[in-house]
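# Examining the three-dimensional arrangement
Below, each chain spelled out in residue letters.
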Amino acid sequence: PEGFILPATLWFGGWAGIGAFFGTVFASPFYGQGYDLGVLYGLCDLIVPFAGAYLMKKFKADIGLRNAKSFAIFLVFGTVVNVIIEAFFGNLVSYGVGFYTLEFAMTIGIATWFAGSFSGTLVIGGILLRALTPYFEKSPLYSPALFKRRQQRKAAPPPPPGLTT
C-alpha cells in the first residue's frame, strides 16, 4: 500500500489513510499472522499517510508536484522522513514479538523495510501524484483537509409567493 496510501490521503483526506490500517489488519492472515499482530503492524502503516500528508501540507507543497520545491518536499517529508519512522517502529514490533533480534531489527530490518517502502512511496506515489492530482482536484470526493468537519447544509430557499405546500 505504500505507493498508494499517501496520494489517497492527500486526495481524499484522513479516512483514506485509515484504510492503510484496516488493509494491513485484514490482510494479516494471508501473511500467516494473526489479527493481533496485524493491528500492531497496521498502527505502523498509519505513519506513512498521516506523517507524510501532514508534513507536505505544513510545508505548503503542491500535491500535484508541479514544481521543484514541491517535489523536494515530497522527496524529503513524503518519503524519507515518514518511511524511516515507519521502518523503525515496524522493526520494534518485529523485535517485540520475537521475529527479530534487536541487532537485526535495528540494522538489516530497518534498511530493508526502508528500501521497500521508500521505493514504493517515491516511484508509485510520485507518479500518481503528478499524473492524477489534476483529475482528483476536480472530483467531488477531493478533500484538501485531512479531516473535514461536517459541512453545514444550506437551507432550502423559500417557495415562491403564492405557492403553498
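Structure: see above.
Residues numbered from 1 in each chain as written. Predicted model: local features only at pLDDT ≥ 70, side-chain atom pairs only at ≥ 80, totals over all residues. Heavy atoms only, no water.

## Quick word on the environment of Arg 130
So the rule is basically this: Only DSSP runs of H or I reaching four residues or more are called helices, and only runs of E reaching two or more are called strands; each is numbered from the N terminus.
Topologically, Arg 130 is positioned in helix α6 (residues 102-136). Put simply, Arg 130 and Pro 7 are 123 residues apart on the chain and 9.7 Å apart in space, counted from C-alpha to C-alpha.

## Notes on the packing of aromatic side chains
Aromatic ring pairs: the centre-centre distance and the angle between the two ring planes describe each pair. The test is simple: In summary, the pairing rule links any two rings of Phe, Tyr or Trp, Trp by its six-membered ring, whose centres are within 6.5 Å, and it sorts them by plane angle into stacked for under 30 degrees, edge-to-face for over 60 and tilted for everything else. Any residue under 20% of the maximum accessible area for its type is buried, any over 50% is exposed, and the rest in between are partly exposed; the area is computed with a 1.4 Å probe on protein chains only.
Taken as a whole, this structure holds 11 aromatic pairs when the rule is applied. With 6.1 Å between their ring centres and 40 degrees between their planes, Tyr 41 and Trp 113 make a pair best called tilted. Pair noted here: Tyr 41 is in helix α3 (residues 35-45) and Trp 113 is in helix α6, with a separation of 72 residues, a long-range link. Using a relative accessible area of 10% as the deciding quantity, one classes Tyr 41 as buried. Centroid distance Phe 71 to Phe 74: 6.2 Å. Interplanar angle 50 degrees. Geometry classified as tilted. In this pair, Phe 71 and Phe 74 are both assigned in helix α5 (residues 68-96), three residues apart and thus about one turn of the helix distant.

Everything listed here is a matter of coordinates, which is why it stays silent on function.
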